[in-house]
Amino acid sequence: PHEYVEVSYGDAWFLGRVEGCEVGEAILKDDRVLIPFKRAEPYEVKRAIGWDCNELTVDGFSPEFGFIHVDLKPLIAVRTTYHEKRRKLQRHRERKKRKRKWEKYSHKEKNKCRDIERKLAAQLTGLFPNTVHGFEELDKERILRCSRKNLKKRIARVSWRNFLREIKQRAVVEEVDPRGTSKTCSRCGFVAKDLRG
């Protein structure tokens, strides 16, 4: 504490590569100093896509592209597989082994799901550059409180917030109030009485 290290990079080999970048906070390691640089790139918005988050899919609509369908089944499959593995572990006799395996499965599930979410977000933002993505501001806890028991299990497997977080890191996202979004026509604004038709 209260000691300072001065690091000069005025004549460093990478200076040409980081021209016009902001300098972040230096990170001191035992054998080196890491200096992060951030380039502020302007984001020019050219179009908008409205997304509807469902149990097995994320569906979008844009006047330019029409309807877009993103399948979340690979994500659900990973969650279901590891849920079954952890359920089988409950029969295991040795408590220490059971706890270790439980943590291992939870860690693997988290990593695999995050990998799928990153890939989906990268594909979407790559396919639709310079786009504002409109998502429903879903409160998963409220949905789970109001749902039936069999629906709760299915909704618990879906991680809309994680998927949305990954897209936010790559593009501009606007969150909207979800009330009435499934019943309202995106073109004329007519509100249907139910979800049929």
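Scroll up a little and you will see the structure.
Residues numbered from 1 in each chain as written. Predicted model: local features only at pLDDT ≥ 70, side-chain atom pairs only at ≥ 80, totals over all residues. Heavy atoms only, no water.

A. Representation of the overall build of the protein chain in the model. What the protein chain contains, in helices and strands, is five helices and nine strands. For the protein chain, the N- to C-terminal ordering of α and β elements is β-β-β-β-β-β-β-α-α-β-α-α-α-β. Relative to a compact globule of 197 residues, whose C-alpha radius of gyration would be 16 Å, the protein chain shows 23 Å and is clearly more extended. Along the first, second and third principal axes, the C-alpha set of the protein chain runs to 65 × 60 × 30 Å. (Helix = DSSP H or I, 4+ residues; strand = E, 2+ residues; numbered from the N terminus. Rg over C-alpha atoms; globule rule 2.2 N^0.38 Å.)

B. A look at the sheet that holds strand β5 (residues 47–53). Read from one edge of the open sheet, five strands run β7-β6-β5-β8-β9, paired in mixed fashion. In this open sheet, the two edge strands, each paired with only one partner strand, are β7 (66–71) and β9 (172–176). Strand-to-strand, the axes of this sheet are offset by a mean angle of 25°, without reference to chain direction. Judged from the six bridges that link them, strand β6 (residues 57–62) and β7 form a sheet pairing that is antiparallel. Bridge pairing in β7 links V58 to V70. Packing against the sheet, helix α5 (residues 160–168) makes contact with β5, β6, β8 (131–136) and β9, and its axis sits at approximately 145° to β9. (Pairing = 2+ DSSP bridges. Axes fitted to C-alpha atoms, helices over the stretch in contact; angles between N-to-C directions. Contact = heavy atoms within 4.5 Å.)

C. Here's a closer look at a nonpolar patch on the surface. Taken together, the side chains of V5, V7, L28 and V33 make up a nonpolar region of the molecular surface, amounting to roughly 350 Å² of accessible area. Summarising the element assignment, V7 is placed in the segment before β1 (22–23). (Patch = residues over 30% accessible without salt bridge, like charges linked within 9 Å, V, L, I, M, F, W, Y side chains within 5 Å. Areas by Shrake-Rupley, 256 points an atom, 1.4 Å probe, with all protein chains shown as cover. Salt bridge = Lys/Arg side-chain N within 4 Å of Asp/Glu carboxyl O.)

D. View of the pairing of β5. Here β5 shows one buried face, formed by R47, I49, W51 and C53, and one open face, formed by A48, G50 and D52. Both β5 and β8 contribute to a ladder of four bridges, which runs parallel. Of the residues in β8, the one forming a bridge with A48 is V132. Sheet topology places β5 next to β6; four bridges connect them, and they run antiparallel. Pairing of G50 across the sheet is with F61, part of β6. Once β5 ends, the chain turns through three residues before running back antiparallel as β6. (Buried < 20%, exposed > 50% of the residue type's maximum accessible area, 1.4 Å probe, protein only.)

E. Quick look at the pattern of salt bridges. Tallying each qualifying case throughout the model produces 13 salt bridges. With a closest N to O distance of 3.0 Å, E175 and R161 form a salt bridge. Highlighted residues: E175 in strand β9 and R161 in helix α5, separated in sequence by 14 residues. A salt bridge links D177 to R179, with the shortest nitrogen-to-oxygen separation between them at 3.4 Å. We classify D177 as partly exposed; its relative accessible area is 43%. A residue is classified by how much of its surface remains accessible, and R179, at 72% relative accessible area, is exposed.

F. Layout of the packing of aromatic side chains. In this structure the tally under the stated criterion is nine aromatic pairs. Pairing Y9 with F14 gives two aromatic rings, centres 6.3 Å apart and planes at 25°, and the pair type is stacked. The class for Y9 is partly exposed, based on a relative accessible area of 26%. Through a chain of ring-to-ring contacts, three or more aromatic side chains come together here, namely Y9, W13, F14 and F37. Taking NZ or CZ as reference, R86 lies 5.7 Å from the ring centre of W102, over its face. (Phe/Tyr/Trp six-rings, centres within 6.5 Å; stacked < 30°, edge-to-face > 60°. Lys NZ or Arg CZ within 6 Å of the ring centre and 35° of its normal.)

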